[in-house]
Amino acid sequence: MVSADFAKRPVKKLVLFDVDGTLSPARQRASPEIIQLLRNLRKQVAIGFVGGSDLVKISEQLSVGNINVLEEFDFGFAENGLTAYRLGKPLESQSFIKMVGEKGYQELVNFILHYIADLNIPIKRGTFVEFRNGMINVSPIGRNATVQERIDFEAYDKEHHIRADFVENLREKFKRLNLTFSIGGQISFDVFPHGWDKTYCLRHVEKDNFEEIHFLGDKTSKGGNDHEIFSDPRTVGHTVRSPADTMRICTELFLS
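Residues numbered from 1 in each chain as written. Predicted model: local features only at pLDDT ≥ 70, side-chain atom pairs only at ≥ 80, totals over all residues. Heavy atoms only, no water.

A. Inspection of the overall build of the chain at higher detail. Helix and strand counts for the chain stand at seven helices and 11 strands. For 256 residues, the compact-globule formula gives about 18 Å, and the C-alpha radius of gyration of the chain, at 18 Å, lands near that figure. Principal-axis analysis of the C-alpha atoms gives the chain an extent of 55 × 35 × 35 Å. Residues classed as buried in the chain amount to 54% of the 256 residues present. A sequence separation of at least 24 residues applies to 66% of the contacts in the chain between residues at least 6 apart. Accessible area for the chain stands at about 12,000 Å²; split by element, carbon and sulfur atoms hold 50% of it. Measuring between centres, the 33 positive side-chain charges of the chain sit 3 Å from its 35 negative side-chain charges. (Helix = DSSP H or I, 4+ residues; strand = E, 2+ residues; numbered from the N terminus. Rg over C-alpha atoms; globule rule 2.2 N^0.38 Å. Buried < 20%, exposed > 50% of the residue type's maximum accessible area, 1.4 Å probe, protein only. Contact = heavy atoms within 4.5 Å. Areas by Shrake-Rupley, 256 points an atom, 1.4 Å probe, with all protein chains shown as cover. Lys, Arg positive; Asp, Glu negative; His and termini not counted. Charge placed at Lys NZ, Arg CZ, Asp CG, Glu CD.)

B. Here's a closer look at unusual backbone geometry. Of note, T127 is a non-glycine position whose phi angle comes to about 60°, a positive value. The residue T127 is located in the loop between α3 (96-118) and β6 (129-131) in this model. Phi angles above zero are rare outside glycine, and N209 is one such case at about 55°. Locating N209 in the fold gives a position in the loop between β9 (188-193) and β10 (212-217). Take N209: its relative accessible area is 43%, and that puts it in the partly exposed class.

C. Representation of the sheet that holds strand β5 (residues 89-90) in the model. With mixed pairing, seven strands are arranged side by side in an open sheet as β5-β4-β3-β2-β1-β10-β11. At either end of the open sheet lies a strand with only one pairing partner, and these are β5 and β11 (236-239). In the sheet, strand β4 (residues 83-86) pairs with β5 via two bridges, with the strands oriented antiparallel. Bridge assignment links R86 to a residue of β5, and that residue is K89. Along the sheet, helix α7 (residues 243-255) contacts β1 (13-17), β10 and β11; its crossing angle with β10, the most-contacted strand, is approximately 160°. (Pairing = 2+ DSSP bridges. Axes fitted to C-alpha atoms, helices over the stretch in contact; angles between N-to-C directions.)

D. Layout of the pairing of strand β8 (residues 179-184). The buried fraction of β8 is high, at five of six residues. For β8 and β9, the ladder comprises six bridges, and the chain directions are antiparallel. If you follow L179 over to β9, its bridge partner there is P193. The hairpin turn running from β8 into β9, its antiparallel successor, is three residues long, and G185 in that turn takes a positive phi close to 65°.

E. Just the sheet that holds strand β7 (residues 136-138), in detail. One open sheet accounts for four strands, arranged β6-β7-β9-β8; its pairing is antiparallel. This sheet does not close on itself; its edge strands, each paired only once, are β6 and β8. For this sheet, the mean inter-axis angle between neighbouring strands, taken without regard to orientation, is 20°. Here β7 pairs with β9 via three bridges, running antiparallel.

And the structure:
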């Protein structure tokens, strides 16, 4: 039986959403139509977001006006759930630096920065390594790139496999650290300990006993940062191509 906090929802299911490419274009704000869809959906089922970015960035994309994003969702999972909220209240968090140690972390970051310095790509901007609570995010062109530069790099990367080759080098070099390298969004990839992918968030919802847990994401193929939770036996996975696709699928499944 579903927990008392969600017993009044007509459908005793949880719907989890990736953020970039699913609820909004990468690093851009969600549309008013998506926000309204989520509000309508929440009247029927429990909803949550699970993104690789930190809560500040996710809030920038999903907040409306002065409303706290955590008030719009039943569950909020930033950094794959390593920073987690249930009904607006924080849950236990994890630390990347505690897991790999300062020495291992510095060796990893030094290698990454040397690798990027030697890359011959059309542009480089700034913030190549972003340290987060439960992971690091690595961008060959830098997270300070503009929206158009991000779009251009994504197309360039599809042809030249910059991120995929980078990840293969890191996997080989740092086997001893037991890390996962997960490509997501347009310009970067995440690095975190094994098991700290998006399936990590599922431990936070087990006690609520939902009948089903649905997950919608765009990077669901192997190597994408939605793949593990999409293919996990505890979820019903749906691949989307855009926020508009997300709206279509949710309407067909829960609102028609």
